[in-house]
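These are the residues of each chain, in order.
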Amino acid sequence: MQLEIIRCDAGFASLREDWNRLAGEDPLNGWEWSYAWWHEFRRGGRLALGVVREAGTIVAIAPFYLVRRSVQGHVLQFLGSGKACTDYRRILLGPTDDANHIDAIVAALLDPAAWKAAGIGPIDLWELEGIDIGEPSLKSLVAGLKKQGFAISTDELESSWTTSLPGSWNEFVASTHRTIRRKIHKARRRSEDPEIAFHSAAQPDEIAAIWDDFVRLHQSRFQEKVVGGGCFTDPTFERFLRSAVDRIAPLGNVRLMWCTQRGVPISIQMYLLGRETAYMYQSGFDPAFAHLEPGHLLYSFTVDQLIASGFATLDFLRGDESYKADWNGRPVPLARLRCVSPRTVSRIRDTAFVAARNLSRAWRGYRAKAGTSQPIRNQRAPSSTTGDSAQPLATKELVEV
């Protein structure tokens, strides 16, 4: 096997077909998402895409980039890290469960000579964020780094939450706790009100028409819960997401779903659609309509549509909000792995970083206890979705409503 490190945008663009072949129908690991992220969030970083070939065929892509930090030195990270909250990042291997083949690919990926030939190195830290540490390629990668003497530490992040969808809506409702079941029945009765309607947008022009309401409702949801407002307060994030959606929409793998009362949008959600899984990425609602419980109103409609369209899983993604468990969500632990080089200077850098981080956390804790600040997590949280003219969520043939 041979490793090539792609370091230019043209090389990145040329990988689109092979990238999506290896990613499968996984929008968060797809080329479109990664390419949009890179063009908005690079901020001085350098591409470092690891491409492994076997007999001339690309068999793996490691979607990395390199940043230089004043304390930590040269840090290798996944594209999609940071504010984009790209969960389940991994090495793209295609559909394989052959452990020996995975190990061989990872061994090629860790070849120091190939990295040096590409002008990259030595790497002080591999920082892998938002990952499921049980994913096979990552388990193999960590094992390979350990063999090279890297020190591995794990920072627990908020879990993602997944809900298994049965064959029918009635089965799903019967499986919920009686408290949420009552809210679902209440929502369904409300949805019969002629003033309530549900809608969806799948194509770029349709999404563009509702985009400002999407941002407004998201910000309305978070303005009193997150310091500085939600993620859309950062114009870079909005540019990234808009660009990613415009690239993904023609593939049929994104859907905006929203609910209106008397034509006024009151709740909205964005879904990224895989083969069998719908990922709920962003949402919002207008607190002025809280008496209508717009979240339950929209979820009741959307989950029904997901089931009708043949999806097996609803993934709420990262964030430990209580409503996810209410909707039969089960936590999937996510982590940030920090793999520190055995080089003395790298270990010294890491010790200084950890000390500074712990001091900062202690100071924030002290201020919170003293009542001088109110720590609020900067996170995404879902909301609600779709109706009247809504199309069911599907990556293949749509179900008629």
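Residues numbered from 1 in each chain as written. Predicted model: local features only at pLDDT ≥ 70, side-chain atom pairs only at ≥ 80, totals over all residues. Heavy atoms only, no water.

Undergrad: Honestly, helix α9 (residues 204-222) in this entry has me stumped. Any pointers?
TA: Three or four residues apart is the spacing at which side chains of an α-helix point the same way, because the helix has 3.6 residues per turn. Compared with the 27 Å implied by 1.5 Å per residue over 19 residues, the 25 Å span of α9 between its first and last C-alpha is a close match. At I210, α9 shows its largest kink, close to 50°. I207, I210, W211, F214, V215, L217, H218, Q219, S220, R221 and F222 are the residues of α9 that are buried. Those residues of α9 that are buried are in contact with β10 (196-201), α10 (235-248), β11 (254-261), β12 (264-273) and β13 (277-285). (Helix = DSSP H or I, 4+ residues; strand = E, 2+ residues; numbered from the N terminus. Expected span 1.5 Å × (residues − 1). Bend = angle between axes of the 7 residues up to and from the residue. Buried < 20%, exposed > 50% of the residue type's maximum accessible area, 1.4 Å probe, protein only. Contact = heavy atoms within 4.5 Å.)

Undergrad: Any chance you could explain the sheet that holds strand β1 (residues 2-6) here in plain terms?
TA: Sheets are built from strands that pair by backbone hydrogen bonding, the pairs being arranged parallel or antiparallel. What the three strands build is an open sheet, ordered β1-β3-β4; its pairing is antiparallel. Only two strands of the sheet have a single partner each, and these edge strands are β1 and β4 (57-62). The average undirected angle you get between the axes of adjacent strands in this sheet is 25°. The pairing of strand β3 (residues 49-54) with β4 spans five bridges and is antiparallel. Residue pairing in the sheet places E54 in a bridge with T57 of β4. Taken strand by strand, helix α2 (residues 16-23) contacts β3 and β4, and its axis lies near 75° from that of β4. Strands in contact with helix α4 (residues 99-109) are β1, β3 and β4; relative to β3, the strand with the most contacts, it is inclined by about 125°. (Pairing = 2+ DSSP bridges. Axes fitted to C-alpha atoms, helices over the stretch in contact; angles between N-to-C directions.)

Undergrad: Looking at this structure, I do not really get the packing of aromatic side chains. What am I missing?
TA: By convention here, two paired aromatic rings are described through the distance between centres and the angle between planes. Scanning the entire structure with this criterion turns up 26 aromatic pairs. Taken together, a centroid distance of 6.2 Å and an interplanar angle of 75° make the contact between F12 and W31 edge-to-face. Of this pair, F12 sits in helix α1 (residues 9-14) while W31 is found in helix α3 (residues 31-41), placing the two residues 19 residues apart along the sequence. Across the pair, exposure class does not vary: F12 and W31 are buried alike. Arranged with centres 6.4 Å apart and planes meeting at 85°, the rings of W211 and F232 form a pair that is edge-to-face. With W211 in helix α9 and F232 in the loop between α9 and α10, this pair connects stretches of sequence that are 21 residues apart. Residue class for F232 comes out buried when judged on its relative accessible area of 6%. Each member of the aromatic cluster is reached from another via a ring pair, and the members are W33, W37, W38, F41, Y65, W211, F214, F232, F237, F240 and Y281. (Phe/Tyr/Trp six-rings, centres within 6.5 Å; stacked < 30°, edge-to-face > 60°.)

Undergrad: Just checking my understanding: could you explain the confidence of the model for the chain for this structure?
TA: Predicted coordinates in areas of low pLDDT are best not read in detail. The predicted model of the chain averages 89 in pLDDT, with 90% of residues at 70 or higher. Between residues 373-392, whose pLDDT stays under 50, and residues either more than four places distant or in other chains, the model counts 103 contacts. Across residues 394-401, where pLDDT falls below 50, the model places 22 contacts with residues more than four positions away in sequence or in other chains. (pLDDT = per-residue confidence, 0-100.)

Undergrad: Looking at this structure, how should I read the sheet that holds strand β5 (residues 64-69)?
TA: Judged by pairing direction, the sheet is mixed, and its six strands sit side by side in the order β2-β5-β6-β7-β16-β8 without closing on themselves. Both outer strands of the open sheet, β2 (46-47) and β8 (151-156), are each paired with one neighbouring strand and no more. Against the sheet, helix α13 (residues 344-370) engages β5, β6 (73-78), β8 and β16 (335-340), with an angle of about 145° to β16.

Undergrad: How should I be thinking about the packing of helix α8 (residues 178-191) against helix α11 (residues 294-308) in this particular structure?
TA: Any two packed helices are characterised by how steeply their axes cross, that is the angle between the axes, and by the distance between the axes. The geometry of α8 relative to α11 is characterised by a closest axis approach of 8 Å and an angle of 90° between their N-to-C directions. As summarised for this structure, α8 and α11 are arranged roughly perpendicular, according to the angle between their axes. Here I180, K183, I184, A187, R188, R190 and S191 of α8 come into contact with α11, specifically with H296, L297, S300, F301 and D304. Among the residues making up the contact of α8 with α11, the classes are represented as five nonpolar, three polar and four charged. (Parallel < 35°, antiparallel > 145°, perpendicular 65-115°, else oblique. Nonpolar A, V, L, I, M, F, W, Y, C, P; charged D, E, K, R; others polar.)

Undergrad: What exactly am I supposed to notice about the pairing of β4 here?
TA: The side chains of a regular strand alternate between the sheet's two faces. The buried fraction of β4 amounts to five of the six residues, a majority that puts the element mostly inside the structure. The hairpin turn running from β3 into β4, its antiparallel successor, is two residues long, and A55 in that turn takes a positive phi close to 55°.

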